[in-house]
Amino acid sequence: MKTELTISTGAIDEVALAKCREMGKGMGAVICFSGVVREIEGDAPITAIDYEAHEQMARHQVGLLFDAVEKRWPVESVRVVHRIGVVPVNESSLWVEMIAPHRAEAFAACQFIIDEMKQKVQIWKKPMST
Amino acid sequence: MKISVKFWSYFRDYTGCAETALELAKGTTLGETHAAVLDEFPKLAGSKNSTLKAVGLEYEDDDFVLSDGDVVSFFPPLQGG
């Protein structure tokens, strides 16, 4: 299984990511998820979220999640991009691409990795308002 | 033995620092270290039960026995994505 993790302060360029997609001829499903900063956090209006990562631990934990995906589903490729630093409302902070032979395993693996990231990967957010 | 303790996210606001060094007896556990840190930084006490603890890059339980030179991380619940 091919894996790729990017943790960066730069904006997530979904068009560029799609352009460099590589997939085998036996693959029938590509799931792309983009997590976007909402204008409301809890009950309060915000303008952005400031994300902080313990990058060394985050990379290690995401690597373990990649291993878990590979054991459970016939995924060909998974790419994860997490933006850190200040991410304004309406911009993506997390992007996940899962490529698999069929949609069921692609959806399941994508849901799994997003849920697990929220519980196990060392990234925190601080809502910002004007 | 000497260990380093690193604080992450808003725990740094509670401690006023990103890191501290502790001199501990050989055989000290992670749980005992947590208690020692709470004594030094009482503002962390309110988050005692939700604190996540790691040694190096791995999560560990309170009964994990530390070694000289270990780097311990204390952090609040995770919120990525």
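Residues numbered from 1 in each chain as written. Chains lettered and ligands numbered in written order. Predicted model: local features only at pLDDT ≥ 70, side-chain atom pairs only at ≥ 80, totals over all residues. Heavy atoms only, no water.

Trainee: Hey, could you run me through the overall build of chain B in this one?
Mentor: Helix and strand counts for chain B come out as two helices and five strands. Mapped in sequence order, the helices and strands of chain B form the string β-α-β-α-β-β-β. In terms of overall dimensions, chain B is globule-like: its C-alpha atoms have a radius of gyration of 12 Å, near the 12 Å expected for 81 residues. In chain B, buried positions account for 43% of the 81 residues. A sequence separation of at least 24 residues applies to 55% of the contacts in chain B between residues at least 6 apart. Surface summary for chain B: the accessible area is close to 4100 Å², and the carbon and sulfur share equals 49%. Counting 7 positive and 13 negative side-chain charges, chain B places the centres of these two groups 5 Å from one another. (Helix = DSSP H or I, 4+ residues; strand = E, 2+ residues; numbered from the N terminus. Rg over C-alpha atoms; globule rule 2.2 N^0.38 Å. Buried < 20%, exposed > 50% of the residue type's maximum accessible area, 1.4 Å probe, protein only. Contact = heavy atoms within 4.5 Å. Areas by Shrake-Rupley, 256 points an atom, 1.4 Å probe, with all protein chains shown as cover. Lys, Arg positive; Asp, Glu negative; His and termini not counted. Charge placed at Lys NZ, Arg CZ, Asp CG, Glu CD.)

Trainee: For this particular structure, what's the right way to read helix α2 (residues 30–40) of chain B?
Mentor: Along an α-helix, a turn takes 3.6 residues, which lines up residues three or four apart on a common side. Residues and elements named next belong to chain B. The set of residues buried in α2 consists of Leu30, Thr33, His34, Val37 and Leu38. Each buried residue of α2 lies within a common arc of 140 degrees when the element is viewed along its axis, so the set occupies one face. The inward-facing, buried residues of α2 contact β1 (2–7), β2 (19–23), β3 (52–55) and β5 (71–75). (Arc of directions from axis to C-beta.)

Trainee: Is there a simple way to explain the packing of helix α2 (residues 55–72) of chain A against helix α3 (residues 103–120) of chain A in this structure?
Mentor: For any two helices packed against each other, the geometry is given by the interaxial angle and the distance between the axes. All names here are of chain A. Viewed as axis vectors pointing N to C, α2 and α3 meet at an angle of 150 degrees, and their least axial separation amounts to 10 Å. Looking at the two axes, α2 sits roughly antiparallel to α3. Judged by the sense of rotation from one axis to the other, the crossing of α2 with α3 is right-handed. Note on element contacts: α3 touches α2 through Ala109, Phe112, Ile113, Glu116, Met117 and Lys120, opposite Gln61, Val62, Leu65, Phe66, Ala68, Val69 and Arg72. Looking at the contact of α2 with α3 residue by residue, the class counts come to nine nonpolar, one polar and three charged. (Axes fitted to C-alpha atoms, helices over the stretch in contact; angles between N-to-C directions. Parallel < 35°, antiparallel > 145°, perpendicular 65-115°, else oblique. Left-handed = near helix turned anticlockwise from the far one by under 90°. Nonpolar A, V, L, I, M, F, W, Y, C, P; charged D, E, K, R; others polar.)

Trainee: Help me understand the sheet that holds β2 of chain B, please; the structure alone is not making it clear to me.
Mentor: Residues and elements named next belong to chain B. Taken in spatial order, the five strands of this open sheet run β2-β1-β5-β3-β4, and their pairing is mixed. Every other strand in the sheet has two partners, leaving β2 and β4 (58–59) as the edge strands with one partner each. One ladder, built from five bridges, connects β1 with β2; its direction is antiparallel. What sits directly across from Ser4, in β2, is Ala21. (Pairing = 2+ DSSP bridges.)

Trainee: Which parts of the structure should I look at to understand the packing of aromatic side chains?
Mentor: Here the distance between the centres and the angle between the planes together describe a pair of aromatic rings. Counted under the stated rule, the structure contains eight aromatic pairs over all chains. Taken together, the ring pairs in this structure connect Trp124 of chain A together with Trp8, Tyr59 and Phe75 of chain B into an aromatic cluster. (Phe/Tyr/Trp six-rings, centres within 6.5 Å; stacked < 30°, edge-to-face > 60°.)

Trainee: So what exactly am I meant to see when it comes to the nonpolar core here?
Mentor: In a soluble, globular protein the nonpolar side chains are often hidden away together inside. Within the largest apolar cluster, 33 residues are counted, with the highest numbers of intra-cluster contacts made by Val69, Val80, Val96, Met98 and Ile113 of chain A. Going through the elements one at a time, β1 (2–8), β2 (29–36), β5 (48–53), α2, β6 (77–83), β8 (92–100) and α3 of chain A are the ones with two or more residues in this core. With seven residues, α3 of chain A is the largest single contributor of residues to this core. Those residues in contact with Met98 of chain A that lie beyond four places of it in its chain are Ala29, Val30, Ile31, Val69, Val75, Ser77, Val78, Ala106, Ala109, Cys110 and Ile113 of chain A. Core analysis: the second largest hydrophobic core is formed by 16 residues, Ile3, Val5, Phe11 and Phe74 of chain B among them. (Core = buried A, V, L, I, M, F, W, Y, C linked by side-chain atoms within 4.5 Å.)

Trainee: Would you take a moment to explain the interface of chain B and chain A for this structure?
Mentor: Contact residues are listed per partner, giving 17 residues for chain B and 20 residues for chain A. For the chain B and chain A pair, buried surface summed over both sides reaches about 1600 Å², with 56% attributable to carbon and sulfur atoms. Inspection of the region where chain B meets chain A yields one salt bridge. Where Glu52 of chain A meets Arg12 of chain B, a salt bridge forms, and the shortest distance between an N and an O atom there is 2.7 Å. Along the contact surface separating chain B from chain A lie seven residue pairs in polar contact (both at pLDDT 80 or more). Only α1 (11–15), β4 and β5 of chain B provide two or more residues apiece to the side of chain B that touches chain A. Across the side of chain B that touches chain A, the residue classes tally to eight nonpolar, six polar and three charged. (Buried area = accessible area lost by both parts, 1.4 Å probe. Salt bridge = Lys/Arg side-chain N within 4 Å of Asp/Glu carboxyl O. Polar contact = N/O pair within 3.5 Å; in protein donor to acceptor, adjacent residues only side chain to side chain.)

Function-wise, these values are silent; they only describe arrangement.
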